[in-house]
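# Structural characterization, general
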Amino acid sequence: MSLAACGGSDGTQHATTSDAGAEKSGGTDRSEERTEDPTRIPDVGDRLQKQIPAESRQVVAVYGKGVDDADATVVLYTKSGSVWKKTRSWEGHNGKKGWTPDHREGDKRSPVGVFTLSDAGGVLADPGAKLPYSRSASFQAPHYWAKSHWHDFDYVIAIDYNRVKGTSPIDPTRPEGQSKGGGIWLHMDHGSGTSACVSLSKSGMEYLLRTLDPARHPVIVMGDRAALKA
């Protein structure tokens, strides 16, 4: 597979690393205390809410700023009993051109939907991941990309979009065909939009790797805010 599917560089982007204040306030923003139904993921409508498996106890919600925007907020929710609680949040990015419900290879848009999270890996050694972790130099971003992108894939978590679960994130198999794209990952942020993936800070990736637990059936709910609410 081409790693460009996960955040290829045009050589003109520059890193402006950011974290959503998680380190300042333990990962939560008390100004955002919600009044929504605590048994639901906030700001997610019935269509996607119903796609979250009943057995899931961990949800990574990615709230894209707009359908054509690359800025996003990544929030981890953990279920206790019947209640979802916000655990941590980070600022991040999605596809350079925004979001789409019908992702295609090379469209630079992240796919909207609910997807399981089952495999991880990266250039760096396993930081203590609960998900199966594949370390390989093959994750290394090409050095003809802008230098700010060279560490994008130091840590990755595969988003189960058009891939075979239980394999390394770099497995090239595309069950729905190449035209539907693939190689959609959570990975480290370089300060701007990706080719289709979702990116966040290194500390955020380390936290997710150490926290997401197969026994809790983690999933990701992702899209622009309007699409999520639909």
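Model, not experiment: these values are computed from the prediction. (Residues numbered from 1 in each chain as written. Predicted model: local features only at pLDDT ≥ 70, side-chain atom pairs only at ≥ 80, totals over all residues. Heavy atoms only, no water.)

## Observations concerning the overall build of the protein
For clarity, the cut-off: By definition, any uninterrupted DSSP run of H or I lasting at least four residues is a helix, any uninterrupted run of E lasting at least two residues is a strand, and each is numbered from the N terminus. Residue burial is assigned from relative accessible area. The probe radius is 1.4 Å, only protein chains are included, and a residue is buried under 20% of its type maximum, exposed over 50%, and partly exposed in between. The contact criterion used is simple: two residues touch if any of their non-hydrogen atoms lie within 4.5 Å.
Scanning the protein from N- to C-terminus turns up four helices and eleven strands. Taking all 230 residues of the protein together, 52% fall into the buried category. Intrachain contacts of the protein at a sequence separation of at least 6 include 67% that bridge at least 24 residues.

## Some thoughts on the environment of Leu 228
Following the sequence through the fold, Leu 228 ends up in helix H4 (residues 225-229). Note on Leu 228: relative accessible area 1%, which makes it buried. With 167 residues separating them in the primary sequence, Leu 228 and Ala 61 have C-alpha atoms 9.6 Å apart. Leave out the neighbours within four places in its chain, and Leu 228 touches Asp 43, Val 44, Gly 45, Leu 48, Val 62, Tyr 63, Val 221, Met 222 and Gly 223.

## Concerning the nonpolar core
For clarity, the cut-off: Buried Ala, Val, Leu, Ile, Met, Phe, Trp, Tyr and Cys residues that are joined via side-chain atoms within 4.5 Å together make up what is termed a nonpolar core.
Formed by 31 residues in total, the largest nonpolar core has its most connected members in Val 60, Val 62, Ile 157, Leu 186, Leu 208 and Ile 220. Residue assignment for this core shows that the elements contributing at least two residues are strand S1 (58-64), strand S2 (71-80), strand S6 (113-122), strand S8 (156-159), strand S9 (185-188), strand S10 (198-200), helix H3 (202-211) and strand S11 (219-224). Val 44, Val 59, Tyr 77 and Val 219 belong to the second largest nonpolar core, which has 14 residues in total.

## Regarding the environment of Gly 181
Here Gly 181 lies in the loop between S8 and S9. A C-alpha to C-alpha distance of 5.3 Å links Gly 181 and Arg 104, two positions 77 residues apart in sequence.

## Quick word on the pairing of S6
Consecutive side chains of a regular strand alternate in pointing toward one face of the sheet and then the other. Definition in use: DSSP calls a pair of strands paired once it identifies at least 2 bridges connecting them.
Counted residue by residue, S6 has nine buried out of ten residues, so it is predominantly covered. Here S6 runs beside S11; their pairing, made up of four bridges, is antiparallel. Its bridge partner lying in S11, Gly 113 is registered against Met 222. With four bridges connecting them, S6 and S8 associate as antiparallel partners. Pairing of Gly 121 across the sheet is with Val 156, part of S8. Pairing geometry for S6 and strand S7 (residues 133-135), over three bridges, is parallel. Bridged to Gly 122 within S7 is Arg 135.

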